[in-house]
Amino acid sequence: MTARPAVSVTGLTVYPVKSMRGIPLKQARLTPKGLEHDRRFMVTRTNGRFVTQRDMPRLALVEPRLEKAGVTLSAPGMDPLAVPFAHAGGEPATVRIWGQDCAAIDQGETVAQWLRDALRSPEPLRLVAMAPGFVRPQGKPADLGADTHTVFADAAPFLVANEASLATLNRTLVEDGRDPVPMNRFRPNIVLEGPTAFAEHAAGTVAGPGYALRLAHPCQRCVVTTIDQATARRDPEREPYRTLVRLNPMPGRPDAPAFGQNAALASGPDATIRVGDRVTLTGTTK
(Lines give C-alpha, C1' and ligand atoms only; values in the text may rest on other atoms or scores of the structure.)
Protein backbone atom coordinates (compact mmCIF):
# COMPACT_ATOMS: atom_id res chain seq x y z
CA MET A 1 0.00 0.00 0.00
CA THR A 2 1.11 3.56 -0.67
CA ALA A 3 1.31 5.78 2.41
CA ARG A 4 -0.30 9.20 2.20
CA PRO A 5 0.69 12.29 4.16
CA ALA A 6 -0.42 12.41 7.79
CA VAL A 7 -3.58 14.40 8.41
CA SER A 8 -5.47 15.44 11.53
CA VAL A 9 -8.85 15.00 13.15
CA THR A 10 -10.60 18.38 13.31
CA GLY A 11 -14.13 17.36 14.28
CA LEU A 12 -16.01 14.70 16.22
CA THR A 13 -19.79 14.57 16.46
CA VAL A 14 -22.13 12.07 18.04
CA TYR A 15 -25.86 11.86 17.32
CA PRO A 16 -27.55 10.15 20.30
CA VAL A 17 -30.95 10.26 18.59
CA LYS A 18 -31.05 9.42 14.91
CA SER A 19 -31.69 12.54 12.76
CA MET A 20 -31.69 14.96 15.70
CA ARG A 21 -29.01 17.60 16.18
CA GLY A 22 -25.47 16.36 16.75
CA ILE A 23 -23.23 16.98 19.76
CA PRO A 24 -19.68 18.21 19.01
CA LEU A 25 -17.06 16.45 21.14
CA LYS A 26 -13.39 16.92 21.89
CA GLN A 27 -12.90 13.18 22.28
CA ALA A 28 -14.96 10.01 21.98
CA ARG A 29 -14.68 6.31 22.68
CA LEU A 30 -14.52 4.11 19.60
CA THR A 31 -16.71 1.01 19.61
CA PRO A 32 -17.37 -1.55 16.86
CA LYS A 33 -20.86 0.00 16.49
CA GLY A 34 -19.62 3.58 16.15
CA LEU A 35 -18.76 6.43 18.49
CA GLU A 36 -20.07 5.69 21.97
CA HIS A 37 -23.79 6.63 22.24
CA ASP A 38 -24.16 7.30 18.50
CA ARG A 39 -27.71 6.72 17.17
CA ARG A 40 -28.68 5.04 20.42
CA PHE A 41 -32.31 6.17 20.07
CA MET A 42 -34.63 6.52 17.07
CA VAL A 43 -37.99 8.14 16.37
CA THR A 44 -40.65 5.94 14.76
CA ARG A 45 -44.26 6.03 13.72
CA THR A 46 -46.70 3.82 15.58
CA ASN A 47 -46.29 1.17 12.88
CA GLY A 48 -42.58 0.95 13.76
CA ARG A 49 -41.25 2.65 10.64
CA PHE A 50 -38.34 4.98 11.36
CA VAL A 51 -38.59 8.76 10.97
CA THR A 52 -35.81 11.11 9.85
CA GLN A 53 -35.41 14.68 8.65
CA ARG A 54 -36.47 13.45 5.21
CA ASP A 55 -39.98 13.17 6.67
CA MET A 56 -39.80 15.71 9.50
CA PRO A 57 -37.20 18.45 9.07
CA ARG A 58 -38.00 19.79 12.55
CA LEU A 59 -35.94 16.92 13.97
CA ALA A 60 -32.98 19.22 13.25
CA LEU A 61 -34.25 21.60 15.96
CA VAL A 62 -34.26 18.99 18.74
CA GLU A 63 -31.01 19.16 20.66
CA PRO A 64 -29.83 16.21 22.75
CA ARG A 65 -27.40 16.67 25.62
CA LEU A 66 -25.43 13.72 26.94
CA GLU A 67 -25.77 13.04 30.65
CA LYS A 68 -24.25 10.30 32.74
CA ALA A 69 -27.50 8.30 32.86
CA GLY A 70 -29.05 9.25 29.53
CA VAL A 71 -29.84 12.18 27.26
CA THR A 72 -31.80 15.37 27.82
CA LEU A 73 -33.81 16.64 24.87
CA SER A 74 -34.48 20.34 24.26
CA ALA A 75 -36.57 22.01 21.56
CA PRO A 76 -37.96 25.52 20.93
CA GLY A 77 -40.95 26.21 23.17
CA MET A 78 -40.57 22.95 25.11
CA ASP A 79 -39.38 22.13 28.61
CA PRO A 80 -36.32 19.83 28.54
CA LEU A 81 -37.01 16.12 28.82
CA ALA A 82 -34.68 13.51 30.33
CA VAL A 83 -34.54 10.11 28.62
CA PRO A 84 -32.56 7.48 30.55
CA PHE A 85 -30.35 4.97 28.78
CA ALA A 86 -31.87 2.20 30.91
CA HIS A 87 -35.64 2.56 30.60
CA ALA A 88 -37.06 0.31 33.29
CA GLY A 89 -40.30 -1.36 32.27
CA GLY A 90 -40.27 -0.18 28.67
CA GLU A 91 -42.57 -2.08 26.34
CA PRO A 92 -41.01 -4.29 23.64
CA ALA A 93 -41.51 -3.06 20.09
CA THR A 94 -40.58 -4.17 16.60
CA VAL A 95 -39.23 -1.34 14.46
CA ARG A 96 -38.17 -1.23 10.84
CA ILE A 97 -35.15 0.60 9.44
CA TRP A 98 -34.11 0.25 5.78
CA GLY A 99 -36.01 -2.99 5.40
CA GLN A 100 -34.64 -4.56 8.57
CA ASP A 101 -36.87 -5.52 11.49
CA CYS A 102 -35.24 -4.77 14.84
CA ALA A 103 -36.21 -5.60 18.42
CA ALA A 104 -36.54 -2.38 20.38
CA ILE A 105 -37.73 -0.94 23.69
CA ASP A 106 -40.34 1.83 23.60
CA GLN A 107 -39.46 4.81 25.79
CA GLY A 108 -43.00 5.48 26.98
CA GLU A 109 -45.97 7.81 26.65
CA THR A 110 -44.40 10.91 28.20
CA VAL A 111 -41.57 10.89 25.70
CA ALA A 112 -43.96 10.11 22.84
CA GLN A 113 -46.18 13.12 23.64
CA TRP A 114 -43.14 15.40 24.05
CA LEU A 115 -41.89 14.36 20.62
CA ARG A 116 -45.25 14.92 18.96
CA ASP A 117 -45.46 18.43 20.45
CA ALA A 118 -41.83 19.34 19.71
CA LEU A 119 -42.08 18.18 16.10
CA ARG A 120 -45.63 19.51 15.61
CA SER A 121 -46.51 16.14 14.22
CA PRO A 122 -50.08 15.44 13.04
CA GLU A 123 -49.55 11.74 13.83
CA PRO A 124 -48.38 9.91 16.96
CA LEU A 125 -44.65 9.23 17.31
CA ARG A 126 -42.56 6.95 19.50
CA LEU A 127 -38.98 6.99 20.73
CA VAL A 128 -37.22 3.63 20.88
CA ALA A 129 -33.89 2.16 21.93
CA MET A 130 -32.44 -1.09 20.64
CA ALA A 131 -33.44 -4.05 22.78
CA PRO A 132 -30.60 -5.40 24.96
CA GLY A 133 -28.85 -8.29 23.26
CA PHE A 134 -30.37 -7.67 19.82
CA VAL A 135 -27.85 -7.56 16.97
CA ARG A 136 -29.06 -5.73 13.89
CA PRO A 137 -28.27 -7.51 10.61
CA GLN A 138 -25.74 -5.84 8.35
CA GLY A 139 -27.45 -4.43 5.27
CA LYS A 140 -24.25 -4.18 3.20
CA PRO A 141 -22.09 -7.16 4.19
CA ALA A 142 -20.15 -7.09 0.91
CA ASP A 143 -18.87 -3.60 1.70
CA LEU A 144 -18.71 -3.50 5.48
CA GLY A 145 -18.42 -7.17 6.44
CA ALA A 146 -21.11 -9.38 7.90
CA ASP A 147 -19.61 -8.96 11.37
CA THR A 148 -19.91 -5.17 11.29
CA HIS A 149 -23.01 -3.93 13.09
CA THR A 150 -24.62 -0.62 14.00
CA VAL A 151 -27.36 0.54 16.32
CA PHE A 152 -29.63 2.89 14.32
CA ALA A 153 -27.11 4.41 11.89
CA ASP A 154 -28.16 3.93 8.26
CA ALA A 155 -25.53 1.31 7.40
CA ALA A 156 -22.00 1.96 8.67
CA PRO A 157 -20.73 2.57 12.21
CA PHE A 158 -18.82 5.73 11.18
CA LEU A 159 -19.05 8.48 8.59
CA VAL A 160 -15.74 10.18 7.83
CA ALA A 161 -15.73 13.55 6.05
CA ASN A 162 -12.98 15.75 4.63
CA GLU A 163 -12.74 19.52 5.09
CA ALA A 164 -11.18 19.96 1.65
CA SER A 165 -14.19 18.28 0.04
CA LEU A 166 -16.50 20.76 1.75
CA ALA A 167 -14.25 23.67 0.74
CA THR A 168 -14.38 22.57 -2.91
CA LEU A 169 -18.16 22.22 -2.78
CA ASN A 170 -18.53 25.66 -1.19
CA ARG A 171 -16.18 27.28 -3.68
CA THR A 172 -18.34 25.91 -6.49
CA LEU A 173 -21.55 27.08 -4.79
CA VAL A 174 -20.16 30.60 -4.33
CA GLU A 175 -18.94 30.71 -7.94
CA ASP A 176 -22.51 29.88 -8.99
CA GLY A 177 -23.88 32.70 -6.84
CA ARG A 178 -25.14 30.45 -4.04
CA ASP A 179 -24.50 30.40 -0.30
CA PRO A 180 -21.89 28.07 1.17
CA VAL A 181 -23.02 25.36 3.61
CA PRO A 182 -21.54 24.15 6.91
CA MET A 183 -20.28 20.63 7.53
CA ASN A 184 -23.33 19.81 9.65
CA ARG A 185 -25.40 19.44 6.46
CA PHE A 186 -23.59 16.10 6.03
CA ARG A 187 -23.78 14.88 9.65
CA PRO A 188 -20.35 13.21 9.84
CA ASN A 189 -18.92 11.51 12.93
CA ILE A 190 -15.27 12.27 12.12
CA VAL A 191 -13.88 15.18 10.12
CA LEU A 192 -10.34 15.20 8.73
CA GLU A 193 -8.10 18.02 7.57
CA GLY A 194 -5.20 17.42 5.20
CA PRO A 195 -6.29 15.22 2.30
CA THR A 196 -7.11 16.84 -1.02
CA ALA A 197 -10.77 17.17 -1.98
CA PHE A 198 -12.56 13.81 -2.21
CA ALA A 199 -9.31 11.88 -1.59
CA GLU A 200 -11.20 10.06 1.18
CA HIS A 201 -12.96 8.03 -1.52
CA ALA A 202 -9.64 6.51 -2.61
CA ALA A 203 -8.28 5.75 0.86
CA GLY A 204 -8.62 2.41 2.58
CA THR A 205 -7.59 3.08 6.19
CA VAL A 206 -7.45 5.94 8.66
CA ALA A 207 -4.82 5.00 11.24
CA GLY A 208 -4.50 6.96 14.47
CA PRO A 209 -2.90 6.49 17.90
CA GLY A 210 -4.16 3.07 19.01
CA TYR A 211 -6.92 2.69 16.44
CA ALA A 212 -7.68 2.26 12.75
CA LEU A 213 -10.81 2.73 10.68
CA ARG A 214 -11.47 0.89 7.43
CA LEU A 215 -13.02 3.17 4.83
CA ALA A 216 -15.54 1.03 2.97
CA HIS A 217 -17.55 2.98 0.41
CA PRO A 218 -18.73 6.52 -0.45
CA CYS A 219 -21.80 7.81 1.34
CA GLN A 220 -24.67 8.47 -1.04
CA ARG A 221 -26.39 11.67 0.03
CA CYS A 222 -30.09 12.48 0.20
CA VAL A 223 -32.35 15.53 0.59
CA VAL A 224 -31.25 16.00 4.22
CA THR A 225 -28.29 17.90 2.75
CA THR A 226 -30.79 20.56 1.62
CA ILE A 227 -32.10 21.18 5.16
CA ASP A 228 -30.59 24.05 7.17
CA GLN A 229 -29.73 22.39 10.47
CA ALA A 230 -30.23 25.66 12.38
CA THR A 231 -33.69 26.47 11.03
CA ALA A 232 -35.05 23.16 9.64
CA ARG A 233 -35.86 24.94 6.35
CA ARG A 234 -35.37 23.15 3.03
CA ASP A 235 -33.48 24.92 0.28
CA PRO A 236 -36.05 25.64 -2.47
CA GLU A 237 -33.43 24.95 -5.15
CA ARG A 238 -32.32 21.67 -3.54
CA GLU A 239 -28.81 22.91 -2.86
CA PRO A 240 -26.16 21.77 -2.21
CA TYR A 241 -27.55 18.43 -3.45
CA ARG A 242 -27.74 19.49 -7.08
CA THR A 243 -24.25 20.99 -7.16
CA LEU A 244 -22.79 17.94 -5.43
CA VAL A 245 -24.35 15.63 -8.04
CA ARG A 246 -22.42 17.54 -10.70
CA LEU A 247 -19.24 17.83 -8.65
CA ASN A 248 -18.92 14.39 -7.03
CA PRO A 249 -21.42 11.74 -8.19
CA MET A 250 -21.60 8.28 -6.70
CA PRO A 251 -19.60 5.66 -8.61
CA GLY A 252 -21.93 4.27 -11.25
CA ARG A 253 -24.71 6.65 -10.22
CA PRO A 254 -24.37 9.95 -12.12
CA ASP A 255 -27.74 11.09 -10.75
CA ALA A 256 -26.76 10.71 -7.06
CA PRO A 257 -24.19 12.70 -5.06
CA ALA A 258 -21.50 11.34 -2.73
CA PHE A 259 -19.98 13.06 0.27
CA GLY A 260 -17.89 11.38 2.95
CA GLN A 261 -16.86 7.79 3.34
CA ASN A 262 -18.63 5.07 5.33
CA ALA A 263 -16.26 3.29 7.69
CA ALA A 264 -15.95 0.43 10.16
CA LEU A 265 -13.58 -0.07 13.08
CA ALA A 266 -10.56 -2.07 11.95
CA SER A 267 -8.72 -2.03 15.29
CA GLY A 268 -8.80 -0.33 18.64
CA PRO A 269 -12.15 -1.09 20.31
CA ASP A 270 -12.48 1.16 23.39
CA ALA A 271 -9.67 3.41 22.13
CA THR A 272 -10.20 7.16 22.39
CA ILE A 273 -10.19 9.35 19.30
CA ARG A 274 -9.48 13.03 19.91
CA VAL A 275 -9.73 16.27 18.01
CA GLY A 276 -6.13 17.05 17.11
CA ASP A 277 -5.08 13.43 16.60
CA ARG A 278 -2.56 13.02 13.83
CA VAL A 279 -3.73 10.22 11.56
CA THR A 280 -2.57 8.66 8.31
CA LEU A 281 -4.61 7.68 5.27
CA THR A 282 -3.22 4.59 3.57
CA GLY A 283 -4.14 2.19 0.82
CA THR A 284 -7.22 2.12 -1.35
CA THR A 285 -10.78 1.01 -0.82
CA LYS A 286 -10.48 -1.85 -3.29
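Residues numbered from 1 in each chain as written. Predicted model: local features only at pLDDT ≥ 70, side-chain atom pairs only at ≥ 80, totals over all residues. Heavy atoms only, no water.

Here's the deal with the side chain of Ser121
Inspection of the secondary structure puts Ser121 in the loop between α1 (109-119) and β11 (125-130). When its relative accessible area of 8% is taken as the criterion, Ser121 is described as buried. A polar contact of 2.7 Å, which involves the side chain of Ser121, links it to the backbone oxygen of Glu123. If near-sequence neighbours (up to four positions away) are discounted, Ser121 is found in contact with Met56 and Arg116. (Helix = DSSP H or I, 4+ residues; strand = E, 2+ residues; numbered from the N terminus. Buried < 20%, exposed > 50% of the residue type's maximum accessible area, 1.4 Å probe, protein only. Polar contact = N/O pair within 3.5 Å; in protein donor to acceptor, adjacent residues only side chain to side chain. Contact = heavy atoms within 4.5 Å.)

Some details on the pairing of strand β6 (residues 63-66)
Across 4 bridges, β6 lies against strand β7 (residues 70-74) in antiparallel orientation. Residue pairing in the sheet places Glu63 in a bridge with Ser74 of β7. Once β6 ends, the chain turns through 3 residues before running back antiparallel as β7. (Pairing = 2+ DSSP bridges.)

Describing α1
What α1 keeps buried is the set Val111, Ala112, Trp114, Leu115, Ala118 and Leu119. Projected onto a plane normal to the axis of α1, the buried residues spread over an arc of 165° and lie on a single side. Along α1, the residues that are exposed and aim more than 90 degrees away from the buried face are Glu109 and Thr110. Along its buried surface, α1 packs onto β5 (41-45), β7, β8 (81-84) and β11. One or two steps after α1, the chain reaches Arg120, where phi turns positive at roughly 55°. (Arc of directions from axis to C-beta.)

Section: the side chain of Asp38
With respect to the element layout, Asp38 can be found in the loop between β4 (34-35) and β5. Those residues in contact with Asp38 that lie beyond four places of it in its chain are Val14, Tyr15, Val151, Pro157 and Asn189.

Observations regarding the packing of aromatic side chains
Following the criterion strictly, the structure yields 3 aromatic pairs and no others. With centroids separated by 3.9 Å and ring planes inclined at 20°, the aromatic side chains of Phe186 and Phe259 adopt a geometry described as stacked. You can see Phe186 sitting in the loop between α3 (163-175) and β13 (190-193) and its partner Phe259 sitting in strand β17 (residues 253-267), a full 73 residues away along the chain. Taking the relative accessible area as the measure of exposure, Phe186 reaches 1% and is therefore buried. On the accessibility criterion, Phe259 (1% relative accessible area) is buried. Taking the ring centre of Phe85 as reference, the NZ or CZ of Arg40 above it sits at 4.0 Å. (Phe/Tyr/Trp six-rings, centres within 6.5 Å; stacked < 30°, edge-to-face > 60°. Lys NZ or Arg CZ within 6 Å of the ring centre and 35° of its normal.)

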